[in-house]
Amino acid sequence: MRILTVAIPNHHFFQWVNQLKDSGYEVFWFDITDGGPESPKIPWVKQIKGWKLKWDFPFRVGVKNKLPRLYSFIQKLNTNHLESSFQDVLDSIQPDIVHCFEMTLVGLPLLKIMQNNTIPLIYSSWGSDMFNSKNMGITDAQVAVFLNRVDYLITDCKRDFEIAKTKGFDTTFLGVYPGNGGISIDPKLILEIEKRDIILFKGYQYDVGEAIQVAKALELVPLGLLKNKIIVVYSADKAVETYIRTSQFFKQLHYKIYSRGKHVPNQDLLRIMGKSVIHIGNNTSDGMPNTLLEAMGMGAFPIQSNPGGASAEVISNNENGFLIENPIDVAHIAILLEKALKNQELRIKAKKYNVPYIENNYNRITLASKIESLYKQVIVDSK
C-alpha cells in the first residue's frame, strides 16, 4: 500500500506518521511548505522536498539576503506552481491513498487537483479547521466543496464531526483520534500530588492563543499560594515572554520560559507535566488539545478553555478539571487558579481519574494498530 501524506512540518503530524513505521506500508510525505531539509523525525518516510525551485542556483541565499528585489524577480521565474508539482508527484507515486492533514493550509490548495482524480482522500481535521473556519477566511461554501471531495474524515474531537456534517460531509467517518496518534506515558515520571511544585501553562498568544490572560490571572492570585511554586511557560510567544519579564509581580516569583522558537522535546515536556500541580491552556479556538490530554495523563490538574465544547468531552467541570468558558475573563481564570491551588483533595481525585482515563483511551501503543487498520479499511472499501 502506498500512502501519500500531505502536511506542514508539524510535531503532531510526525508523531501520527510514526505510528505507521512498522506497518509495512510505503509512506510518502509531500511537504506543502517545502521548508528546510528532510526531517530527522521521520527518516523512514520518503520525503518530497525541493519541489518549489526549478533551479537551486549557486549563491542563492546570498542573493536573497543582499539583493532582495533581484531575488524576488528571479523567484517569480524560478518557482514551480504547487498544483503542477503535486500533480507530478501523484503521477510518479501512483498512491493508493492521499491523506491530508488540516484544511486551510493543505486541503484547499490541493482541492482542484484532487477533484480531477478518484484517489481515496482522507482528511484529518485539526484544531480550528471546522470550528473557526469563517474567522480564518474560509467560507461555508468553500468548506462544503472541500468536504464533498473528502472520502474519509478523522477528527480530534466529536464536536468537529458534528460541525462537518452540518457543512455537507456525508461519507465515511473513521473516528475521533488525537492529532498526534496517541500519547506515551511513563508512570515513573508521574509524581504524587504533594511532591509537585510547578504551575505550567502554554504560551501561545498570536492567532487564537490567550496566554497573556493567564499571566494576568496569576497576578491576581494571592502571592502566598505561588511563593513555593515555579511558574513554567512553554511555547511562549514573544509578547508573553515580554509581559512576564517586565511584570513587577513575576519578579517576586521563580519562573522559567521556553520560547516558542525553542523546541522542547516531547519527553521533556511530559516530565515537566509529571511535576506540575496544574496545567493551563487558554485560547479562543481549538480542537482537542494534545497538550491537555498529555497533562491529564501525567496527573497535572487541567484548567482548559472550552471553545465549542471540545474540552468538555474529556473534562467534567469541577470534577476532573476546570473549564474556562470565557478565555479573556482574567478574574474568572484567577478564581479557578486559586481554587485549584487551595483544593489538594480535588487535585488528588482528578489525578486518580485522569491518569487511567488517558491510559485507557489515548495510549499510543494501543492506538497504533487501530490507526494501521484505518488505512486497510480505506483500501478494502475502495475495491
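For the structure, see preceding data.
### Details of the nonpolar core
Working step 1: By size, the foremost hydrophobic cluster in this structure holds 35 residues, and its most contacted members are Phe-201, Leu-218, Ile-278, Ile-280, Ile-303 and Leu-337.
Working step 2: In terms of residues, this core owes the most to one element, helix α14 (residues 330–342), which gives seven residues.
Working step 3: Ile-280 has contacts with Ile-199, Leu-200, Phe-201, Lys-202, Val-214, Ile-303, Ile-324 and Leu-337, leaving out every residue within four places of it along the chain.
Working step 4: The next biggest cluster of nonpolar side chains, apart from the first, holds 34 residues, and it includes Ile-48, Leu-110, Leu-111 and Phe-169.

### Re the side chain of Arg-159
Working step 1: Secondary-structure assignment places Arg-159 in helix α8 (residues 158–166).
Working step 2: Residue classification places Arg-159 among the buried positions, given a relative accessible area of 8%.
Working step 3: In terms of polar contacts, Arg-159 uses its side chain to reach the backbone carbonyl oxygen of Pro-307, at 2.6 Å.
Working step 4: Discounting residues that sit within four places of it in the chain, Arg-159 has contacts with Gly-127, Phe-131, Asp-286, Gly-287, Pro-307, Gly-308, Ala-310 and Glu-313.

### Some details on helix α11 (residues 238–245)
Working step 1: Where α11 is concerned, the buried positions are Val-240, Glu-241 and Ile-244. Considered in projection along α11, the buried side chains sweep an arc of 100° and stay on one side of the axis.
Working step 2: Where α11 is buried, its residues contact β8 (198–202), α9 (211–218), β9 (230–236) and β10 (254–259).

### A word on the packing of aromatic side chains
Working step 1: As enumerated under the stated definition, the model contains 17 aromatic pairs in all.
Working step 2: Where Trp-16 meets Phe-101, the ring centres are 6.3 Å apart and the plane angle is 70°; that geometry is what we call edge-to-face. Here Phe-101 lies in strand β4 (residues 97–101) and Trp-16 lies in helix α1 (residues 11–18), a separation of 85 residues in the sequence.
Working step 3: Residue classification places Trp-16 among the buried residues on the basis of a relative accessible area of 2%.
Working step 4: Feature note: the residues Phe-13, Phe-14, Trp-16, Trp-29, Phe-101, Trp-126 and Tyr-177 constitute an aromatic cluster, connected by ring pairs.
Working step 5: Residue placement shows Lys-202 over the ring face of Tyr-204; its charged tip is 4.3 Å from the ring centre.
Working step 6: It is Arg-260 that lies over the ring of Tyr-204; its NZ or CZ is 3.7 Å from the centre.

What counts as what
- Residue positions within a chain follow its written sequence, with the count starting from 1.
- This being a predicted model, a pLDDT of at least 70 is required before a residue's local features are given, and a value of 80 or more before pairs of side-chain atoms are given or counted; all residues contribute to the totals for chains, interfaces and linings.
- Hydrogen atoms and water are omitted, and side-chain values are computed over all heavy atoms in the structure.
- Only buried Ala, Val, Leu, Ile, Met, Phe, Trp, Tyr and Cys residues count toward a nonpolar core, and they belong to the same one when joined by side-chain atoms within 4.5 Å.
- Think of it in three bands: with a 1.4 Å probe and only protein chains considered, a residue is buried below 20% of the maximum accessible area for its type, exposed above 50%, and partly exposed in between.
- Helix and strand assignments follow DSSP, with helices taken as H or I runs no shorter than four residues and strands as E runs no shorter than two, numbered in order from the N terminus.
- Between two residues, a contact is recorded if the distance between any of their heavy atoms is within 4.5 Å.
- Side-chain atoms alone can form a polar contact between residues adjacent in sequence; in general such a contact is a pair of N or O atoms within 3.5 Å, and within protein one must be able to donate a hydrogen while the other accepts it.
- Arc definition: directions from the helix axis to the C-beta atoms.
- Pairing of aromatic rings covers Phe, Tyr and Trp, the last through its six-membered ring, and needs centres within 6.5 Å; plane angles under 30 degrees mean stacked, over 60 mean edge-to-face, and all others mean tilted.
- Definition used: whenever NZ (Lys) or CZ (Arg) falls within 6 Å of the ring centre and also within 35 degrees of the ring normal, the charge is taken to sit over that ring.

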